[in-house]
Amino acid sequence: MAAEVRTVVLRYVDREQWRMDLHTDLRSPKVAEIRANPAVSLLFYDVPGKRQLRAKGRGVIHNQDGLTVERWEPAP
């Protein structure tokens, strides 16, 4: 399978654990692709600094678990 570019929403960053939470629709084809091959690459662009940042990692799908409940709870 060829590499695909997909849009996701950056929702949370944990700098200490080097972890990012990215959200997408569970019905999206990218979810099945990540389940089949969890190797992911991310590309960010810093407009003011005119820099690109590339990151590689492992995608994990969370649905109806403790993490999803925590992330979707309203802020106090």
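Just above sits the structure.
Rules used throughout
- Residues numbered from 1 in each chain as written.
- Predicted model: local features only at pLDDT ≥ 70, side-chain atom pairs only at ≥ 80, totals over all residues.
- Heavy atoms only, no water.
- Helix = DSSP H or I, 4+ residues; strand = E, 2+ residues; numbered from the N terminus.
- Buried < 20%, exposed > 50% of the residue type's maximum accessible area, 1.4 Å probe, protein only.
- Lys, Arg positive; Asp, Glu negative; His and termini not counted.
- Salt bridge = Lys/Arg side-chain N within 4 Å of Asp/Glu carboxyl O.
- Polar contact = N/O pair within 3.5 Å; in protein donor to acceptor, adjacent residues only side chain to side chain.
- Contact = heavy atoms within 4.5 Å.
- Patch = residues over 30% accessible without salt bridge, like charges linked within 9 Å, V, L, I, M, F, W, Y side chains within 5 Å.
- Areas by Shrake-Rupley, 256 points an atom, 1.4 Å probe, with all protein chains shown as cover.

Asks: Looking at this model, I keep getting lost on the side chain of aspartate 14. Mind explaining?
Replies: Topologically, aspartate 14 is positioned in strand 1 (residues 9-14). Of the side chains bearing the opposite charge, arginine 19 lies closest to the buried aspartate 14, which forms no salt bridge; the N-O distance is 5.4 Å. Of note is the side chain of aspartate 14, whose polar atom sits 3.1 Å from the backbone nitrogen of glutamate 16.

Asks: Help me out: how do you make sense of the pattern of salt bridges in this one?
Replies: Any two side chains of opposite charge can pair if their charged atoms end up close together. Counted under the stated rule, the structure contains 4 salt bridges. Two residues, arginine 19 and aspartate 21, come together in a salt bridge whose shortest N-O distance is 3.3 Å. Since its relative accessible area comes to 31%, arginine 19 is described here as partly exposed. In this structure, arginine 51 engages aspartate 46 in a salt bridge whose closest nitrogen and oxygen atoms are separated by 2.9 Å. Residue classification places arginine 51 among the exposed positions, given a relative accessible area of 54%.

Asks: Help me out: how do you make sense of the side chain of lysine 30 in this one?
Replies: Relative to the elements of secondary structure, lysine 30 occurs in helix 1 (residues 29-36). Buried and without a salt bridge, lysine 30 has glutamate 33 as its closest oppositely charged side chain, separated by 8.3 Å. Polar contacts involving the side chain of lysine 30 include one to the main-chain carbonyl oxygen of threonine 7, which spans 2.4 Å. Here lysine 30 is in contact with Arg6, Thr7, Val8 and Thr24, once residues within four sequence places are set aside.

Asks: Whenever I open this one, unusual backbone geometry confuses me. Can you help?
Replies: Negative phi characterises most residues that are not glycine, and trans characterises most peptide bonds. Despite not being glycine, lysine 50 shows a phi value in the positive range, around 50°. When you line up the elements, lysine 50 lands in the loop between strand 3 (39-46) and strand 4 (51-58).

Asks: Looking at this model, I keep getting lost on a nonpolar patch on the surface. Mind explaining?
Replies: A surface patch of nonpolar side chains, about 350 Å² in accessible area, is lined by Val8, Leu10, Val13, Met20 and Leu22. Sorting the residues of the nonpolar patch by element identifies strand 1 and strand 2 (19-23) as the ones contributing at least two each. By relative accessible area, which is 33% here, valine 8 ends up partly exposed.

In short, the description is geometric, and any link to function would need to be established separately.
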